[in-house]
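If you want the building blocks of each chain, they are given just below.
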Amino acid sequence: MFVVLSDSHGERAVIEDIKKHYEKTASAIFHCGDSELPSDDEIWEGITVVAGNCDYDPGYQEFQLQEVEGKKVLLAHGHLFYVGLGLERYSYFAEEKNADIALFGHIHQPVAQKINDILYLNPGSVAQPRGKYDIKMYAVIEIKGNHYTISYRNLKHEKIADLQFEL
Ligand SMILES: [Mn+2]
């Protein structure tokens, strides 16, 4: 099980709370960028993070690749791949990197879909939700072989009924 959050836009306490809630049980925690925090903030110990379009600290990387529970996880904010227009460009990159799972942020809306056997996941935003779901949220992913159980949660760590997926 691992945890994905994104687009906290200065809200440090919410990252701290999610980290505290999962640090003993999650095999990894990913933040997809736009934290607006310094890259050397101690909060990043135990969290993998990338640069968003609102992060100007050069200490952040544009993307990261990390093995989690036998899966190759790609992490990028997504603005460089124009994810607001769809996943076509990001999917080229994810396929080139041989990713099993490709995480992204930027659009502040939940997305969970498989394309060519790669899971694309946007956890929504823990600070500024947009679109259909006006809920501050993040995602928990359980891996069972080639099958994923994806559970979006609100900031009380409760499951959001409409946003539970088996992919
Ligand atoms: Mn953002």
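Thresholds, definitions, all that
- Think of each chain on its own: its residues are numbered from 1, step by step along the sequence as written.
- Local features in this predicted model are restricted to residues of pLDDT 70 or higher, and side-chain atom pairs are both shown and tallied only at a pLDDT of 80 or more, whereas totals for entire chains, interfaces and linings draw on every residue.
- UniProt positions are given in the numbering used here, feature names are shortened, and annotations may be inferred rather than shown by experiment.
- In this description, strands pair whenever DSSP reports at least two bridges between them.
- Segments assigned H or I by DSSP are reported as helices when at least four residues long, segments assigned E as strands when at least two residues long, and all are numbered from the N terminus.
- Any residue with 12 or fewer other C-beta atoms within 10 Å of its own C-beta is exposed, any with 20 or more is buried, and the rest are partly exposed; the C-beta atoms used are placed from the backbone.
- Two residues qualify as a contact pair if the distance between their C-beta atoms, derived from the backbone, is within 7 Å.
- The term nonpolar core refers to a group of buried residues, namely Ala, Val, Leu, Ile, Met, Phe, Trp, Tyr and Cys, whose C-beta atoms join them within 7 Å.
- The arc in question is the one spanned by the directions pointing from the helix axis to the C-beta atoms.
- To obtain each axis, a line is fitted to C-alpha atoms, and for helices this fit is confined to the stretch in contact; angles are then taken between N-to-C directions over 0 to 180 degrees.

The name an unreviewed UniProt entry assigns to the protein is Phosphoesterase, from the organism Lactococcus nasutitermitis. Checking UniProt for the protein, the heading Cofactor (unreviewed entry) contains the comment "a divalent metal cation".

**So, the pairing of strand 9 (residues 137-144)**
In terms of strand pairing, strand 1 (residues 2-5) meets strand 9 through three bridges, oriented antiparallel. By the bridge assignment for strand 9, Phe2 is matched with Ile141. Where strand 9 hands over to strand 10 (residues 147-154), the hairpin turn is made up of two residues, of which Gly145 adopts a positive phi near 65°.

**Some points on the environment of Phe2**
Structurally, Phe2 can be placed in strand 1. Looking at Phe2, the number of C-beta atoms within 10 Å reads 23, which means it is buried. For the pair formed by Phe2 and Glu69, sequence separation is 67 residues and the distance between their alpha carbons is 9.1 Å. In this view, Phe2 contacts Ala26, Ser27, Ala28, Ile29, Val68 and Ile141; residues no more than four positions away in its chain are not counted.

**Considerations on the nonpolar core**
If you look at soluble globular proteins, the nonpolar side chains tend to sit buried side by side. Within the largest apolar cluster, 42 residues are counted, with the highest numbers of intra-cluster contacts made by Val3, Val4, Leu74, Leu75, Ala102, Leu103 and Leu121. Element by element, the count of residues in this core is highest for strand 9, at five residues. Residues in contact with Ala102, not counting those within four places in the same chain, are Leu74, Tyr90, Ala94, Ile118 and Tyr120.

**What about helix 1 (residues 12-22)?**
Of all the positions in helix 1, only Ile15, Ile18 and Tyr22 are classed as buried. Angularly, the buried residues of helix 1 cover 70° about the axis, an arc narrow enough to put them on a single face. Relative to its buried face, helix 1 has exposed residues pointing more than 90 degrees away, namely Ala13, Glu16 and Lys20. On its buried side, helix 1 packs onto strand 1, strand 2 (29-31) and strand 9.

**Observations concerning the sheet that holds strand 11 (residues 159-166)**
The six strands lie next to each other as 3-2-1-9-10-11, forming an open sheet whose pairing is mixed. Each having just a single partner strand, strand 3 (48-49) and strand 11 make up the two edges of the open sheet. Sheet analysis places strand 2 next to strand 3, joined by two bridges and oriented parallel. For Phe30, the partnering residue across the bridge sits in strand 3 and is Thr48. Where helix 1 meets the sheet, its contacts fall on strand 1, strand 2 and strand 9, and the angle it forms with strand 1 comes to roughly 175°.

**Some thoughts on the sheet that holds strand 4 (residues 63-68)**
The strand order 4-5-6-8-7 describes an open sheet built from five strands, whose pairing is mixed. Each of the sheet's edge strands pairs with one partner strand only, and the pair in question is strand 4 and strand 7 (110-115). Each neighbouring strand pair of the sheet contributes to a mean axis angle of 20°, computed without reference to strand direction. Sheet analysis places strand 6 (residues 101-103) next to strand 8 (residues 118-123), joined by three bridges and oriented parallel.

**Observations concerning the pairing of strand 8**
Counting buried positions along strand 8 yields six of six residues, so the element is predominantly enclosed. On strand 8, burial covers both faces: Ile118, Tyr120 and Asn122 on one face and Leu119, Leu121 and Pro123 on the other are all buried. With six bridges connecting them, strand 7 and strand 8 associate as antiparallel partners. Bridge pairing in strand 8 links Pro110 to Pro123. What sits between strand 7 and strand 8 in their antiparallel hairpin is a turn of two residues, with Asn116 showing a positive phi close to 50°.

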